[in-house]
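Take a look at the letters that make up each chain.
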Amino acid sequence: MTSTTVPPALDTTAVVESIADLVRENYVFPDAAGQLAALLRRRSVEGAYRTESAEELAEAVTTDLRSVNGDLHLALKHHAVPVPPNKGEAALAAMRREFDTSLNGVPRVELLDHGVAVLEIAPKMFPLDWAAQPLAAALSLVAPARALVLDLRRNTGGDPNTVAFVCGYLLDRRTHLNTLLSRQGEVAEQFWTPPFVPGARFGGSKPLWVLTSANTFSAAEELAYDLQQLGRAEIVGEATRGGAHPREGWTVHPNLELSVPVARAVNPVSGTNWEGTGVRPDVPCDAEAALDRALSLAATRSA
């Protein structure tokens, strides 16, 4: 006898109402939050969300959520596998599956010609309590290299604490990287490089290039942006996707997770962030050509 799993019933009116409440109460920009809540409720009354498909509802609601200011962290995410009900757990469950199938987020460490090391961090900046050990091993391994290429082309975001940890290996002293402001405009959290990192540092003086693509997003963008604003690295590749606001997630249906930005990032050097614009490369080129371009620059630097 074959058993089948019946998808949970989808009450779109109730789901959209809960989404509107969560956006209104938590979105970092209160004026936009009110506009979005009203928009979602109006669209629901108009019948825009009539569907039995959680995936179709996610697409329709996400389009409307991004219609006011284009915030790419605003989303209703569909999960094919039912996700845990508690706040934040849906994203963590999905990330854990990626962590376990990506060599713990460090899929490539290689030494190439001219003493140039390539380190790829992908597909996420995983939570630091998971990622610290593999990242420390990889960053210590490349520490003796003459130059480093840090590949973030396939990285779509994650944990700002992990960003600070990585920067700790690429700078010589404790450095302020980012400040998060709350919905009320108050300082919610600051991020600094750690005073100590396990293993050897690559340090703050040797040549460093960071590769980006149009898919590089969120915390991966922060890593590129922080290093660029500090004058520590040259960015090679494409402008990134443009999502600067840290988000939290709420499960609003067993297969649906609402993502809402709850703070605003402010870089201490620029006084702003990369929201909507992306990180602009110092050396623009197609993402596929970015590694070759960085290696060419490294070879010229060593000549």
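Residues numbered from 1 in each chain as written. Predicted model: local features only at pLDDT ≥ 70, side-chain atom pairs only at ≥ 80, totals over all residues. Heavy atoms only, no water.

Draft legend 1. Layout of the sheet that holds strand β5 (residues 176-181). Reading across from one edge, β6-β5-β11 is the order of the 3 strands in this open sheet, with antiparallel pairing throughout. This sheet does not close on itself; its edge strands, each paired only once, are β6 (187-192) and β11 (264-266). Neighbour-to-neighbour, the strand axes of this sheet turn through a mean angle of 25 degrees, independent of strand direction. By the bridge criterion, 5 bridges tie β5 to β6 in an arrangement that is antiparallel. Residue pairing across strands places Thr179 opposite Gln190, the latter belonging to β6. (Pairing = 2+ DSSP bridges. Helix = DSSP H or I, 4+ residues; strand = E, 2+ residues; numbered from the N terminus. Axes fitted to C-alpha atoms, helices over the stretch in contact; angles between N-to-C directions.)

Draft legend 2. Structural context of the side chain of Asp159. Along the chain, Asp159 falls in the loop between β4 (147-151) and α6 (160-170). Although Asp159 is buried, it forms no salt bridge, and the closest oppositely charged side chain is Arg247 at an N-O distance of 11 Å. Within the structure, the side chain of Asp159 is placed 2.8 Å from the backbone nitrogen of Asn161, a separation counted as a polar contact. Setting aside residues no more than four positions away along its own chain, Asp159 makes contact with Met125, Phe126, Pro127, Leu128 and Ala219. (Buried < 20%, exposed > 50% of the residue type's maximum accessible area, 1.4 Å probe, protein only. Lys, Arg positive; Asp, Glu negative; His and termini not counted. Salt bridge = Lys/Arg side-chain N within 4 Å of Asp/Glu carboxyl O. Polar contact = N/O pair within 3.5 Å; in protein donor to acceptor, adjacent residues only side chain to side chain. Contact = heavy atoms within 4.5 Å.)

Draft legend 3. Local environment of the pattern of salt bridges. Within this structure, the stated rule accounts for 14 salt bridges. Asp64 is the partner of Arg43 in a salt bridge, and the nearest nitrogen-oxygen pair spans 2.9 Å. Highlighted residues: Arg43 in helix α2 (residues 30-46) and Asp64 in helix α3 (residues 54-65), separated in sequence by 21 residues. Since its relative accessible area comes to 28%, Arg43 is described here as partly exposed. With a shortest N-O distance of 3.3 Å, Arg96 and Asp100 are connected by a salt bridge.

Draft legend 4. Region of interest: the environment of Glu186. In this structure, Glu186 sits in the loop between β5 and β6. You can call Glu186 exposed: its relative accessible area is 53%. Glu186 sits 78 residues away from Arg264 along the chain, and the two C-alpha atoms are 10.0 Å apart.

Draft legend 5. Structural context of the sheet that holds strand β9 (residues 247-253). Taken together, the 3 strands give an open sheet; going across it, the order is β1-β10-β9, and neighbouring strands pair in antiparallel fashion. Strand pairing shows two members of the sheet lacking a second neighbour, β1 (75-78) and β9, which therefore form its edges. The mean angle between the axes of side-by-side strands here comes to 30 degrees, regardless of whether they run parallel or antiparallel. In the sheet, β9 pairs with strand β10 (residues 256-261) via 6 bridges, with the strands oriented antiparallel. Directly across from Gly249, in β10, lies its bridge partner Ser259. Running at roughly 160 degrees to β1, α3 makes contact with β1, β9 and β10 of the sheet.

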